[in-house]
Amino acid sequence: MLKVKNVSKAFKDNQVLKKVDLEVEKGDVVVILGPSGSGKTTFLRCIDFLEKADGGEIEFDDIKTDLNHASAKTIEKIRKKSAFVFQNYNLFANKTALQNVTEGLTVARKVPKAEAIEIAKKALDKVGLSDKYDSYPVQLSGGQQQRVGIARAIAVNPDIILFDEPTSALDPELVGEVLKIMRELAKEGITMIVVTHEMKFAQDVATKVVFMDGGVVVEEGSPKEIFTKPKEERTREFLMRILPDFDYTI
């Protein structure tokens, strides 16, 4: 379904991504783990052309292009097949929850307004916000704002949703409500790539876990492989620090 190869990206002298590869099959929930500064978010942004990669290729169904030289038309095609959920919500402060969801439908996808409103309401209902159609972001908790962000993503019926640390800006007591929605989406078979530090989510929901460090993929495998018998010493060090109750001695 989605294949990216040799993704490279530098910010001045800092080589953030060093020829990173990833393959995603339809229905996969790929969780990307790694310490801060490992390149996870940059990699995700390069896939959706929110960041311009210095090199690499992407193959998305029948679309194949160079990440550095993709045309505006090709980028638009790929973005119409994907949706991005941001760490800090990226909602319009002057628009209601309903308007935030309809915006992408009416502006980017030219959906008639009445139809867009119907789709947006269904999406907000799906994430448990049927009573917040007319609420502005300032009137919503962080968890509710992020759920509006997820509603905005699912409203466009994408082939894949990219989540960039969707719970990292939330107070701890609000994390669960967002992860619950993501678990439900996974059960429905929605394809996702998730950059996160939520280990329990990775263990329970992921079909594939990718561990990145220093701009490269150190190791990837099933949750069972990564969380019980990681092959690489760097993976074991990271997991032992994050999950100190686990014993990774091999």
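Going by the structure above, here's the rest.
Report on the accompanying structure. None of the values given here were measured: they were computed from a predicted structure.

**Focus: the layout of surface pockets**
Where empty space is left can be seen by rolling a probe of water-molecule size over the atoms.
Line of reasoning, step 1. Of the pockets and cavities examined, the largest pocket occupies roughly 580 Å³.
Line of reasoning, step 2. Every element with two or more residues in the lining of the largest pocket is listed here: helix 2 (72–80), strand 6 (82–85), helix 3 (97–108) and helix 5 (142–155).
Line of reasoning, step 3. Broken down by element, the lining of the largest pocket gets its largest block of residues, five residues, from helix 3.
Line of reasoning, step 4. Lining the second largest pocket, in full, are Glu 118, Ile 119, Lys 122, Ala 123, Lys 126, Ile 154, Ala 155, Asn 157, Pro 158, Ile 161, Glu 188 and Ile 190.
Line of reasoning, step 5. Counting residues per element, the ones that place at least two in the lining of the second largest pocket are helix 4 (113–126) and helix 5.

**As for the pattern of salt bridges**
If charged atoms from side chains of opposite charge come close, those side chains can pair.
Line of reasoning, step 1. Per the counting criterion, the structure on display carries 14 salt bridges.
Line of reasoning, step 2. For Lys 80, the salt bridge is made with Glu 76, and the minimal N-O distance between the two is 3.5 Å. Highlighted residues: Lys 80 and Glu 76, both in helix 2, separated by four residues, approximately one helical turn.
Line of reasoning, step 3. Put simply, Lys 200 and Asp 204 hold a salt bridge, and the shortest N to O gap is 3.5 Å. Of the two residues, Lys 200 and Asp 204 both sit in helix 7 (residues 199–205), four residues apart, roughly one turn of that helix.

**Remarks on the sheet that holds strand 2 (residues 14–24)**
Backbone-to-backbone hydrogen bonds pair the strands of a sheet. The strands run either parallel or antiparallel.
Line of reasoning, step 1. The strand order 2-1-4-5 describes an open sheet built from four strands, whose pairing is antiparallel. Where the open sheet ends on each side, the last strands, each with one partner, are strand 2 and strand 5 (63–66). Strand-to-strand twist across the sheet, computed as the mean angle between neighbouring axes with direction ignored, equals 15 degrees.
Line of reasoning, step 2. Sheet topology note: the strand 1 (residues 2–11)/strand 4 (residues 55–60) ladder contains five bridges and is antiparallel. Bridge pairing in strand 4 links Val 4 to Ile 58.
Line of reasoning, step 3. Those strands touched by helix 1 (residues 40–47) are strand 1, strand 2 and strand 4, and its axis lies near 120 degrees from that of strand 1.

**Regarding the packing of helix 4 against helix 5**
The description of two packed helices rests on the angle between their axes and on the distance between the axes.
Line of reasoning, step 1. It is the contact of helix 4 with helix 5, at a shortest axis distance of 8 Å, that shows an interaxial angle of 130 degrees. Of the possible angle classes, the one that applies to helix 4 and helix 5 is oblique. Relative to helix 5, helix 4 is oriented so that their crossing is right-handed. Contacts between helix 4 and helix 5 pair Ile 119, Ala 123, Leu 124 and Lys 126 from the former with Val 148, Ala 151, Ile 154 and Ala 155 from the latter.
Line of reasoning, step 2. Looking at the contact of helix 4 with helix 5 residue by residue, the classes come out as seven nonpolar, no polar and one charged.

**A closer look at the side chain of Thr 65**
Line of reasoning, step 1. Along the polypeptide, Thr 65 turns up in strand 5.
Line of reasoning, step 2. When its relative accessible area of 13% is taken as the criterion, Thr 65 is described as buried.
Line of reasoning, step 3. Apart from residues lying up to four places away in sequence, Thr 65 is in contact with Phe 49, Gly 56, Glu 57, Ile 58, Ala 70, Thr 74 and Ile 78.

**Details of the packing of aromatic side chains**
Line of reasoning, step 1. For the structure on display, the rule yields two aromatic pairs.
Line of reasoning, step 2. Aromatic pair Phe 84 and Phe 86: ring centres 4.7 Å apart, planes at 40 degrees, arrangement tilted.
Line of reasoning, step 3. Where Phe 211 meets Phe 238, the ring centres are 4.9 Å apart and the plane angle is 35 degrees; that geometry is what we call tilted. You can see Phe 211 sitting in strand 9 (residues 208–213) and its partner Phe 238 sitting in helix 9 (residues 233–242), a full 27 residues away along the chain.
Line of reasoning, step 4. Residue Phe 211 is classed as buried on the basis of its relative accessible area, which comes to 2%.

**Notes on the environment of Lys 224**
Line of reasoning, step 1. Looking at the secondary structure, you find Lys 224 in helix 8 (residues 223–228).
Line of reasoning, step 2. Sequence-wise, Lys 224 and Ala 206 are 18 residues apart; in three dimensions their C-alpha atoms are separated by 9.9 Å.

Cut-offs used in this document
Residues numbered from 1 in each chain as written. Predicted model: local features only at pLDDT ≥ 70, side-chain atom pairs only at ≥ 80, totals over all residues. Heavy atoms only, no water. 1 Å grid on protein atoms, 1.4 Å probe; cavity = no way out; pocket = protein on both sides within 12 Å on 5 of 7 lines; lining within 4 Å. Points joined across faces, edges and corners; volume = space filled by probe spheres on them. Helix = DSSP H or I, 4+ residues; strand = E, 2+ residues; numbered from the N terminus. Salt bridge = Lys/Arg side-chain N within 4 Å of Asp/Glu carboxyl O. Pairing = 2+ DSSP bridges. Axes fitted to C-alpha atoms, helices over the stretch in contact; angles between N-to-C directions. Contact = heavy atoms within 4.5 Å. Parallel < 35°, antiparallel > 145°, perpendicular 65-115°, else oblique. Left-handed = near helix turned anticlockwise from the far one by under 90°. Nonpolar A, V, L, I, M, F, W, Y, C, P; charged D, E, K, R; others polar. Buried < 20%, exposed > 50% of the residue type's maximum accessible area, 1.4 Å probe, protein only. Phe/Tyr/Trp six-rings, centres within 6.5 Å; stacked < 30°, edge-to-face > 60°.

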